[in-house]
Amino acid sequence: MLCAPILAQAPMWIGDPDTASLLEQELQAAMRATEAFGAMPVGPWSVHLHLSDDSFEKTTGAPPQRFAAWAGATLHLRPIEKLRRRDIGEILRHELVHRRLASSRLRPWEEEARCLYAEGHTQPQESWPLAPMKPIQARLDLALRRGNTASQAWAYAWLRAWIARKPLPPAPPLKSSGRENWKPDR
Ligand SMILES: [Zn+2]
């Protein structure tokens, strides 16, 4: 009976059945490790274990550097042989915090920072570092939502430095018009 709250939140597994049995414990551990970041939304959810990169990318539109992506209440994951090259627990903790913060009304950069922090911590920071100036917040949000590889790399490096209270990497130079040097993705 002690397991009831976890069982109540258990997802439906879709796709590769062998991987589902491998990942079940990893997922439960990631659920427990991220509890302090917020409650899981009520209602059914699922984990889709793709058998090919092609199917993962077609379904999610995710770029090659992404290993996991949410579409509605479904967490899509790359094939197990790809996940194994990374820390699966880290990936799951990160993605579960996205789900826990889905209705938090945080800005994209604030949510992403918490997810990155949850990769290595079971408790959020008591107080987060000072928020950056508004234009930097807007540029982080744009890069996270619609950025190219380079601008996303800057945004993630910036967020990792921010949560660690380290010197922040300078933002990429803007065009003389004040616009980004890259074209936002649709
Ligand atoms: Zn994320």
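Residues numbered from 1 in each chain as written. Predicted model: local features only at pLDDT ≥ 70, side-chain atom pairs only at ≥ 80, totals over all residues. Heavy atoms only, no water.

**A short note on the side chain of Thr34**
Topologically, Thr34 is positioned in the loop between helix H2 (17-33) and strand S2 (46-49). Reaching out from Thr34, the side chain makes a polar contact with the backbone oxygen of Ala30 at a distance of 2.7 Å. Those residues in contact with Thr34 that sit more than four places away from it in its chain are Arg93, Leu96, Val97 and Arg100. (Helix = DSSP H or I, 4+ residues; strand = E, 2+ residues; numbered from the N terminus. Polar contact = N/O pair within 3.5 Å; in protein donor to acceptor, adjacent residues only side chain to side chain. Contact = heavy atoms within 4.5 Å.)

**So, the nonpolar core**
Counting 20 residues, the largest nonpolar core has Trp109, Trp158, Leu159, Trp162 and Ile163 as its most contacted members. Those elements that place two or more of their residues in this core are helix H6 (108-118), helix H7 (134-146) and helix H8 (149-163). Formed jointly, this core draws a minimum of three residues from each of two domains, domain 1 (4-122) and domain 2 (129-186). Not counting residues within four places of it along the chain, the set of residues in contact with Trp162 comprises Trp109, Ala113, Trp128, Pro129, Leu130, Ala131, Pro132 and Leu168. Ranked by size, the runner-up nonpolar core spans 19 residues in total, among them Leu23, Met40, Ile88 and Leu96. (Core = buried A, V, L, I, M, F, W, Y, C linked by side-chain atoms within 4.5 Å. Buried < 20%, exposed > 50% of the residue type's maximum accessible area, 1.4 Å probe, protein only. Domains from an automatic or database assignment.)

**A short note on the pattern of salt bridges**
In total, this model carries 8 salt bridges according to the counting rule given. Where Arg78 meets Glu57, a salt bridge forms, and the shortest distance between an N and an O atom there is 2.9 Å. On the criterion of sequence distance, the pair formed by Arg78 in the loop between strand S4 (74-77) and helix H4 (80-83) and Glu57 in helix H3 (residues 53-60) is long-range, its members being 21 residues apart. Arg139 is paired through a salt bridge with Glu180; the nearest N and O atoms lie 2.8 Å apart. Residue Arg139 is found in helix H7, and its partner Glu180 is found in the segment after H8; the two are separated by 41 residues along the sequence. This pair shows no difference in class: Arg139 is buried, exactly as Glu180 is. (Salt bridge = Lys/Arg side-chain N within 4 Å of Asp/Glu carboxyl O.)

**Quick word on the sheet that holds strand S3 (residues 68-71)**
Judged by pairing direction, the sheet is mixed, and its 4 strands sit side by side in the order S1-S2-S4-S3 without closing on themselves. The sheet is open, and its two borders are formed by strand S1 (12-15) and S3, each paired with just one other strand. Neighbour-to-neighbour, the strand axes of this sheet turn through a mean angle of 25°, independent of strand direction. Judged from the 4 bridges that link them, S2 and S4 form a sheet pairing that is parallel. Its bridge partner being in S4, Ser46 is matched across the sheet by Thr74. Most of the contacts of H2 go to S1, to which it runs at about 145°, and overall it touches S1, S2 and S4. Sitting on the sheet, helix H5 (residues 88-100) is in contact with S3 and S4, with an inclination near 20° to S3. (Pairing = 2+ DSSP bridges. Axes fitted to C-alpha atoms, helices over the stretch in contact; angles between N-to-C directions.)

So, to be careful, I would describe these as geometric facts and stop short of saying anything about function.
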